[in-house]
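So you can see what is in the structure, the chains are spelled out below.
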Amino acid sequence: MVLSQEEPDSARGTSEAQPLGPAPTGVAPPPGPGPSDSPEAAVEKVEVELAGPADAEPHEPPEPPEGGWGWLVMLAAMWCNGSVFGIQNACGVLFVSMLKTFGSKDDDKMVFKTAWVGSLSMGMIFFCCPIVSVFTDLFGCRKTAVMGAAVGFVGLMSSSFVSSIEPLYLTYGIIFACGCSFAYQPSLVILGHYFKKRLGLVNGIVTAGSSVFTILLPLLLRVLIDSVGLFHTLRVLCIFMFVLFLAGFTYRPLATSTKDKESGGSGSSLFSRRKFSPPKKIFNFAIFKVTAYAVWAVGIPLALFGYFVPYVHLMKHVNERFQDEKNKEVVLMCIGITSGVGRLLFGRIADYVPGVKKVYLQVLSFFFIGLMSMMIPLCSIFGALIAVCLIMGLFDGCFISIMAPIAFELVGAQDVSQAIGFLLGFMSIPMTVGPPIAGLLRDKLGSYDVAFYLAGAPPLIGGAVLCFIPWIHSKKQREISKTAGKEKMEKMVENQNSLLSSSSGVFKKESDSII
C-alpha cells in the first residue's frame, strides 16, 4: 500500500504542467490537486470519482508523518500482534488444561476433540482475512479494529462459562477467533498510513510483539492455571482483549489534504476511492492468472498441514515423555525467542536476495521446519528437544518475515494486499485440519510419534513445489519481454508508415497547388 503512494507524485507533475483554468468540455479534470473551488468543478470531481477508472486517485493521499502519533499507533499494533498470536501460540498450555478439565477416562477421543478448539481458532483468524479487508475498505481501520476487539472479548469471556468442550468450538474457535481477525488485519493496514521510510523498522517491531508474548504468556498461563484454574485464566486473558479494544481507537485516519480539512472532512475520505471502486477491486481474482502466484498459493497451504501441530500438541507430548522435568513451558518459549530473531535476521537477508529468488528462503525454512518436526519424537533428552525447538522457531520466523516481499515480487505493489489476503484465507484450511488429525493419531496409537513424523512431511512436499516458482516467473517474464518487444517493433513500423503516408499527402497537396 505504501509503495503505491509514489504514484501521486507523477500525477502531481502532470497537473502542474497543465495551464490553470477550467478543463475543456468533454475532458475529465486531472486527478491531481487543482482549482476546484467552483460548483461546476466540484460536480466534475464527483463524476470522476464515480465513473473514472478504478486506479484513478480522486484525492491526493497525505504524506506519512513518519512518527508523531504514528508511534502510538505502532505500539497499539504491537499489542494487537502480541495478544492475538501470543494467545494462539500458547494454546498448548490451554490444551493440557482443557484435557484435565473436560477429559473423561471413558472418552478415548478426547485429545482429538480438544485439538479442534485451538486449531479452529487459528484457522478462523486466517480464514476471515479476505473478508476483513472488505470491512477495512468500507468502514476504515479504527471501526473495524474496535469492533473486532469487542467481539473477541465477548467470545473469550463466554468461553469461561462453558461446562463441556463442544461449546468452545463456537465461543473460542469461532467468535473469539473472528474478533481477533477483525482486530488484526487493520493493524497491518494502518501502519502504511503513518510510515513509509521507516516502515520496515516499524513492521519488525510490530511483528516482534507476537514473539515477546509467545515467550511470556506460557509462563503466565501456567501460573494462572495452577492457582485459579482454566476458567478464571480465560477471564484474565479478557483483559488483553479489553486493552486491544482501547488500542483500536488510536488508529486515527489521516485527512487527505488541507482542502478536505477546510471543507470539514473528517479523514474518512481516505477510503472513499475504494468505496466507489468496482467490486472486482475488492475481490481481485485476476491475480490467479499469474501462474507463479497460483503455484505459491497452492504450495504454502500444502506445506502448512503440519505447521501448527507442534504449537498445539508439543506441551502434551512433553508432559508424557518428560514427566520429571520442571518448567516444561520453556519449549514454547524457545520457539518464540528464535522466531523473533528469525524475523529480523531473515528479513534483512531477504533484502540482499534478488527478485523471486526470495522463495528459496521459504523453501529452506520449510525444509528445516519439516525436519525438526520429525526429530521431536527422536529426542530422548530434554536438552535435545530444546535445541530442536530453537531451530524450528528460527526458520518459522524466516517463513513469516518474507511473505510480503515475495507477494510483492509475484504480483506487484498494486495487488499485494489482495495476494496476501487470499493466501491467508487458503492457509486457514490446513492449519485447522492438521492438529485434530494429529490428536486422532495420538488417541489411536497411544503416542505422538507417528503424528510428529507425518507433520514433518507436508512442509517438505510444499517446499519442493515452491522450488518451481522462480523458473515459472522467469519464463513468464521472458514471454512478456518478447511480446513487449514485438509490439514495440510493430508500433515503430506503424508510426513510420503513418509518417510516410502523411509526408506523401503533404507532397501531393503541394504539387497540386503548384499545378
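Residues numbered from 1 in each chain as written. Predicted model: local features only at pLDDT ≥ 70, side-chain atom pairs only at ≥ 80, totals over all residues. Heavy atoms only, no water.

As recorded by an unreviewed UniProt entry, the protein carries the name Solute carrier family 16 member 10 and is attributed to Papio anubis. In its Sequence similarities (unreviewed entry) section, the UniProt entry covering the protein states "Belongs to the major facilitator superfamily. Monocarboxylate porter (TC 2.A.1.13) family." The UniProt entry for the protein carries the following text under Subcellular location (unreviewed entry): "Cell membrane". (UniProt positions renumbered as here; feature names shortened; annotations may be inferred.)

Undergrad: Any details on a nonpolar patch on the surface? Residues and values, ideally.
TA: Judged by side-chain polarity, Phe-367, Leu-371, Met-375, Leu-378, Tyr-453 and Leu-460 come together as a nonpolar surface patch covering roughly 510 Å² of accessible area. Among the elements that take part in the nonpolar patch, helix 17 (residues 359-375) stands out by supplying three residues, more than any other. Tracing the sequence through the fold places Phe-367 in helix 17. (Patch = residues over 30% accessible without salt bridge, like charges linked within 9 Å, V, L, I, M, F, W, Y side chains within 5 Å. Areas by Shrake-Rupley, 256 points an atom, 1.4 Å probe, with all protein chains shown as cover. Salt bridge = Lys/Arg side-chain N within 4 Å of Asp/Glu carboxyl O. Helix = DSSP H or I, 4+ residues; strand = E, 2+ residues; numbered from the N terminus.)

Undergrad: Could you give an account of the packing of helix 15 (residues 309-321) against helix 18 (residues 382-401), with specific residues and numbers?
TA: Following both chains from N to C, one finds helix 15 and helix 18 inclined at 175°, their axes separated by 13 Å at the closest point. Between helix 15 and helix 18, the angle falls in the class roughly antiparallel. Contacts from Pro-310, Tyr-311, Leu-314 and Val-318 in helix 15 reach Phe-382, Leu-385, Cys-389, Met-392 and Asp-396 in helix 18. Class assignment of the residues belonging to the contact of helix 15 with helix 18 gives a composition of eight nonpolar, no polar and one charged. (Axes fitted to C-alpha atoms, helices over the stretch in contact; angles between N-to-C directions. Parallel < 35°, antiparallel > 145°, perpendicular 65-115°, else oblique. Contact = heavy atoms within 4.5 Å. Nonpolar A, V, L, I, M, F, W, Y, C, P; charged D, E, K, R; others polar.)

Undergrad: Run through the pattern of salt bridges, naming residues and quoting values.
TA: Under the criterion given, the structure shown has five salt bridges. For Lys-316, the salt bridge goes to Glu-320, with nearest N and O atoms at 3.8 Å. Taken together, the positions of Lys-316 and Glu-320, both in helix 15 and four residues apart, correspond to about one turn of that helix. For Glu-320, a relative accessible area of 27% corresponds to the partly exposed category. Between Arg-442 and Glu-320 there is a salt bridge, with the nearest N and O atoms lying 2.8 Å from each other. Placement of Arg-442 in helix 20 (residues 416-445) and of Glu-320 in helix 15 is noted, with a sequence separation of 122 residues between them. Given the relative accessible area of 17%, Arg-442 is considered buried. (Buried < 20%, exposed > 50% of the residue type's maximum accessible area, 1.4 Å probe, protein only.)

Undergrad: Tell me about the packing of aromatic side chains, residues and numbers included.
TA: Counted according to the given criterion, the structure contains 22 aromatic pairs. An angle of 35° between the planes, with centres 5.9 Å apart, marks the rings of Phe-135 and Phe-139 as tilted. On the criterion of helical spacing, the pair formed by Phe-135 and Phe-139 is a turn pair, its members being four residues apart in helix 6 (residues 129-139). Each ring, one from Phe-368 and one from Phe-395, has its centre 4.3 Å from the other, and the planes form 5°; the classification is stacked. Separated by 27 residues along the polypeptide, Phe-368 in helix 17 and Phe-395 in helix 18 bring together distant segments of the chain. The partly exposed category is assigned to Phe-368, whose relative accessible area is 24%. Classification of Phe-395 by relative accessible area gives buried; the value is 9%. Here the guanidinium or amino end of Arg-442 rests over the ring plane of Tyr-448, the centre of that ring lying 6.0 Å away. (Phe/Tyr/Trp six-rings, centres within 6.5 Å; stacked < 30°, edge-to-face > 60°. Lys NZ or Arg CZ within 6 Å of the ring centre and 35° of its normal.)

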